[in-house]
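Structure at a glance
Each chain is listed here by its residues.
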Amino acid sequence: GRFDTTKCHFDLVKFFILTKEKLPGVKLILLGGIDSSRAENTRIYEFCIHYLKKNNCKIIQHGKQYTVDEVSAADVLIMGHQMNPFQYLSKADLFVFPSSLEGFPNALMEAMVCGLPVISSDCPTGPKEILIDNETGEQFGHLLPVFNHVFNIEDNDINENHNLWAETICNLLIDENLVKKFSIQSFKRAQQYSVDFVCKKWLQILTAATTRHSAIAGFVYCFESFS
């Protein structure tokens, strides 16, 4: 996701540091550029860099030159906008999505196509509809509370929600059975958004509607003839 207030990178770096305190080997890859149409987005990017460095993270930034050893030792890789995010998603262990607002969350679905366990904010709209089956209650990922997406460059505080996200990430990453379960669930749900699956659903709806329309038209014709 691009660096923007609604993507909540300024909260993501906070719960990443909390996660790293419990799991020192964890690494973060950020995919997405800076929406430079708003100056605040650049400030968000700079805040994230400063916060991570202040907490002793080694960072790789897109567009700069590094040695192989520096890349290997990095805690955070900021890769900028990528035309092919799947080359990174397919090698990851977990996808986190703290957005405060979405339409249809393409990035979330891209991660699920790769069979990644996902942790998402319960924001409007999309994540809840995708991660919870409204009819059966089946769960395809984790939903967590939304952050207050108002950016304040002076705000370095940690709150209960940051701790909850970090705890959920740690609990998932250290449990291989849970990782496997939600990996399967992610891929299963993603298939229900495939072109073939969606087209079949539309055909069922249209066929049913056509049948009802024909029946109603026949009834109206008979009624008019009787009159």
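Only a predicted model underlies this, so the values are computations on that prediction, with no experimental measurement involved. (Residues numbered from 1 in each chain as written. Predicted model: local features only at pLDDT ≥ 70, side-chain atom pairs only at ≥ 80, totals over all residues. Heavy atoms only, no water.)

A few words on the overall build of the chain. Of the regular secondary structure elements, the chain holds nine helices and six strands. Against the globule reference of 17 Å for 227 residues, the chain gives a C-alpha radius of gyration of 22 Å, more extended than a compact globule. Along the first, second and third principal axes, the C-alpha set of the chain runs to 85 × 40 × 35 Å. Positive and negative side-chain charges in the chain, numbering 21 and 26 respectively, have mean positions lying 3 Å apart. (Helix = DSSP H or I, 4+ residues; strand = E, 2+ residues; numbered from the N terminus. Rg over C-alpha atoms; globule rule 2.2 N^0.38 Å. Lys, Arg positive; Asp, Glu negative; His and termini not counted. Charge placed at Lys NZ, Arg CZ, Asp CG, Glu CD.)

The next subject is helix α8 (residues 176-191). The end-to-end C-alpha distance of α8 is 23 Å, a good match for the 22 Å that 16 residues give at a rise of 1.5 Å each. Where α8 is buried, its residues touch α5 (106-113), β5 (118-121), α6 (127-131), β6 (142-144) and α7 (160-173). Two or three places before N177, at the opening of α8, D175 has a side-chain oxygen 3.1 Å from that residue's backbone nitrogen. (Expected span 1.5 Å × (residues − 1). Contact = heavy atoms within 4.5 Å. Polar contact = N/O pair within 3.5 Å; in protein donor to acceptor, adjacent residues only side chain to side chain.)

Here we come to the packing of helix α1 (residues 9-22) against α7. Put simply, α1 and α7 touch, their axes get as near as 8 Å, and they point 50° apart. Taken together, the axis directions place α1 and α7 in an arrangement best described as oblique. Here α1 and α7 pass one another in a crossing that is right-handed. Facing α1, whose interface residues are D11, K14, F15, L18, T19 and K22, α7 presents H162, N163, W165, A166, E167, I169 and C170. Considered class by class, the residues forming the contact of α1 with α7 number six nonpolar, three polar and four charged. (Axes fitted to C-alpha atoms, helices over the stretch in contact; angles between N-to-C directions. Parallel < 35°, antiparallel > 145°, perpendicular 65-115°, else oblique. Left-handed = near helix turned anticlockwise from the far one by under 90°. Nonpolar A, V, L, I, M, F, W, Y, C, P; charged D, E, K, R; others polar.)

Bringing the nonpolar core into the picture now. By size, the foremost hydrophobic cluster in this structure holds 34 residues, and its most contacted members are F15, F16, L52, V76, I78, V96 and I119. Dropping the residues within four chain positions of it, V96 is found in contact with L12, F15, I119, W165 and I169. Ranked by size, the runner-up nonpolar core spans 13 residues in total, among them F95, F97, L108 and M112. (Core = buried A, V, L, I, M, F, W, Y, C linked by side-chain atoms within 4.5 Å. Buried < 20%, exposed > 50% of the residue type's maximum accessible area, 1.4 Å probe, protein only.)

Before going further, it helps to spend a moment on a nonpolar patch on the surface. A contiguous nonpolar surface patch, about 340 Å² in accessible area, is contributed by W202, I205 and L206. Mapping W202 onto the fold places it in helix α9 (residues 195-226). (Patch = residues over 30% accessible without salt bridge, like charges linked within 9 Å, V, L, I, M, F, W, Y side chains within 5 Å. Areas by Shrake-Rupley, 256 points an atom, 1.4 Å probe, with all protein chains shown as cover. Salt bridge = Lys/Arg side-chain N within 4 Å of Asp/Glu carboxyl O.)

Estimated volume of the largest pocket: approximately 1,300 Å³. Mapped onto the lining of the largest pocket, the elements with two or more residues apiece are α1, β1 (28-30), α4 (86-89), β4 (95-97), α5 and α7. It is α1 that contributes the most residues to the lining of the largest pocket, five residues altogether. Grouping the amino acids of the lining of the largest pocket by side-chain chemistry returns 26 nonpolar, 10 polar and seven charged. Approximately 390 Å³ is the volume attributed to the second largest pocket. In this structure, the second largest pocket is lined by 14 residues; those nearest its centre are R189, Q192, Y193, F197 and K201. With five residues, the top contributor of residues to the lining of the second largest pocket is α9. Counted by class, the lining of the second largest pocket contains six nonpolar, two polar and six charged residues. (1 Å grid on protein atoms, 1.4 Å probe; cavity = no way out; pocket = protein on both sides within 12 Å on 5 of 7 lines; lining within 4 Å. Points joined across faces, edges and corners; volume = space filled by probe spheres on them.)

Our next topic: the pattern of salt bridges. Pairs may arise between side chains of opposite charge once their charged atoms sit close together. Evaluation of the coordinates by the stated rule reveals seven salt bridges. We note a salt bridge from K20 to D75, for which the minimum N-O separation is 3.0 Å. You can see K20 sitting in helix α1 and its partner D75 sitting in the loop between α3 (68-73) and β3 (76-78), a full 55 residues away along the chain. Close ionic contact of E138 with K188 constitutes a salt bridge, the shortest N to O distance being 2.7 Å. Of this pair, E138 sits in the loop between α6 and β6 while K188 sits in helix α8, and the two are 50 residues apart along the sequence.

Within the secondary structure, H162 is located in helix α7. Residue H162 is classed as buried on the basis of its relative accessible area, which comes to 1%. If near-sequence neighbours (up to four positions away) are discounted, H162 is found in contact with D11, K14, F15, L18, F147 and D157.

Turning next to the sheet that holds β6. Read from one edge to the other, the open sheet built from three strands follows the order β4-β5-β6, with strand pairing classed as parallel. Two strands in the sheet have a free side with no partner beyond their single neighbour: β4 and β6. The sheet shows a mean angle of 15° between the axes of neighbouring strands, direction not considered. Where α7 meets the sheet, its contacts fall on β4, β5 and β6, and the angle it forms with β5 comes to roughly 165°. (Pairing = 2+ DSSP bridges.)

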